[in-house]
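A look at the structure
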Amino acid sequence: MSVSDEQELQDQQPTKKDFMADVKDGLSAKQKWISSMYFYDAEGSMLFDRICELTEYYPTRTELQILNEHMDDIAAVTGPQAMVIEPGSGSSLKTRRLLAALREPAAYVPVEISREHLLDAVQGLRQDFPALPILPVCADFTSEFDIPEPETAEKRRVVYFPGSTIGNFDPADAVDLLKIMKKKVGREGGLIIGVDLRKDRVTLEKAYNDRDGITALFNLNLLHRINRELGGNFDVSNFSHRAEWNDEESRIEMHLVSEIEQDVTIGGDTFHFDKGEYILSECSYKFTFRAFEELAGKAGWTVKQVWTDNREWFSVQYLE
Ligand code: AVJ
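The structure displayed is predicted, hence computed values, not measured ones.

So, the domain arrangement of the chain
Assigned domains of the chain: these are domain 1 (20-54 + 208-285) and domain 2 (58-199 + 287-319). Taken over C-alpha atoms, the centre of domain 1 sits 27 Å from the centre of domain 2. Every contact between the two is made by 19 residues of domain 1 and, on the other side, 17 residues of domain 2. Both faces combined, the contact of domain 1 with domain 2 buries some 1,400 Å², and carbon together with sulfur accounts for 45% of it. It is Met37, Cys52 and Tyr285 in domain 1 that bury the most area against domain 2; as a group they hold 40% of the surface buried on that side. Summed over the shared surface of domain 1 and domain 2, the result is eight residue pairs in polar contact (both at pLDDT 80 or more). Looking at the side of domain 1 that touches domain 2, the elements that each hand over two or more residues are helix 3 (42-51) and strand 11 (278-285). Looking at the side of domain 1 that touches domain 2, its residues break down into 10 nonpolar, four polar and five charged.

A few points about the site of the ligand
Contacts to the ligand come from 13 residues, most closely from Tyr57, Asn168, Tyr208, Glu282 and Ser284. The separation between an oxygen atom of the ligand and a polar side-chain atom of Tyr208 is 2.6 Å. Contacts to the ligand include Glu282, whose side-chain N or O atom sits 2.7 Å from a nitrogen atom. When isolated, the ligand has an accessible area of 350 Å², and the protein chains bury 95% of it. For the shell around the ligand, the secondary-structure elements that each account for two or more residues are helix 3 and strand 11. Considered class by class, the residues forming the shell around the ligand number seven nonpolar, five polar and one charged.

Observations concerning helix 3
Where helix 3 is concerned, the buried positions are Gly44, Ser45, Leu47 and Ile51. What you see down the axis of helix 3 is that its buried residues fit within an arc of 160°, all on one side. Lining the buried residues of helix 3 we find helix 6 (115-128) and helix 9 (214-230).

Conventions adopted
Residues numbered from 1 in each chain as written. Predicted model: local features only at pLDDT ≥ 70, side-chain atom pairs only at ≥ 80, totals over all residues. Heavy atoms only, no water. Domains from an automatic or database assignment. Contact = heavy atoms within 4.5 Å. Buried area = accessible area lost by both parts, 1.4 Å probe. Polar contact = N/O pair within 3.5 Å; in protein donor to acceptor, adjacent residues only side chain to side chain. Helix = DSSP H or I, 4+ residues; strand = E, 2+ residues; numbered from the N terminus. Nonpolar A, V, L, I, M, F, W, Y, C, P; charged D, E, K, R; others polar. Near = heavy atom within 4 Å. Areas by Shrake-Rupley, 256 points an atom, 1.4 Å probe, with all protein chains shown as cover. Buried < 20%, exposed > 50% of the residue type's maximum accessible area, 1.4 Å probe, protein only. Arc of directions from axis to C-beta.

This is the structure:
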């Protein structure tokens, strides 16, 4: 990546101090938990890219199929000279479809917590879209982040939030995030968002527990990262991956289950695990159309258009 990328990159990612504090707070809670945003170090981001190619993990290919089928309509509602802001841009694969379809986009602002992933993605995008102003921001998009001003003022701002990452947030946090997005785009702005839909339990649990064990590696990598970066002493072989559907909460839960009674020390503090006790490492909420409309409504958004696949497994929605 060019020096200018390194220089211009607005680095607002969580510090090691934030990571340590969040892990200690989470492991001190009655129900131990760690934020799923910490999955995405370089190793975790690489493993997530592999998950996206798994047969069992339907969201990525279903969303891409919807985007391919309806891209002209999606580009039309976005409008010309738009600034596209993408929180959690990752490898920006889906974004290429959108950017290629837009009329003279004013700028693309990828917001990504993993610095390495962001710079790699930006380097590739600069090659594919040499005329497009790309303004990368390395930050945790759930807290306030600054949007760089493009040289040519945008006609409007549109947040692009694919992948159903909104499902990683508990309802109250999802509303807060949707409010931040509303504030970022202003009255004339829009939101294009991927929303994973409720479906049969077997399909859902398989999508988070693939037979090749890639999702297990992705989940367990969180413990390796804590050892690597925070000096933890997790014996990862004493933990196992579990993914289960919680129908009452309408979410898939990923757990890191302690197979034995054990103590783990991180940054001078010791955390006790009973045999069978687990860390809640991710929630992935699945919605009905109505449930998402209500949730978005609480943040001031109105659903204007919904595109879905023939099985109604996934949806891409446009809101204003
Ligand atoms: C990228 C957060 C949408 O919740 O489905 C994939 C992450 N976790 N497999 C999801 C994930 C396990 C994914 N999101």
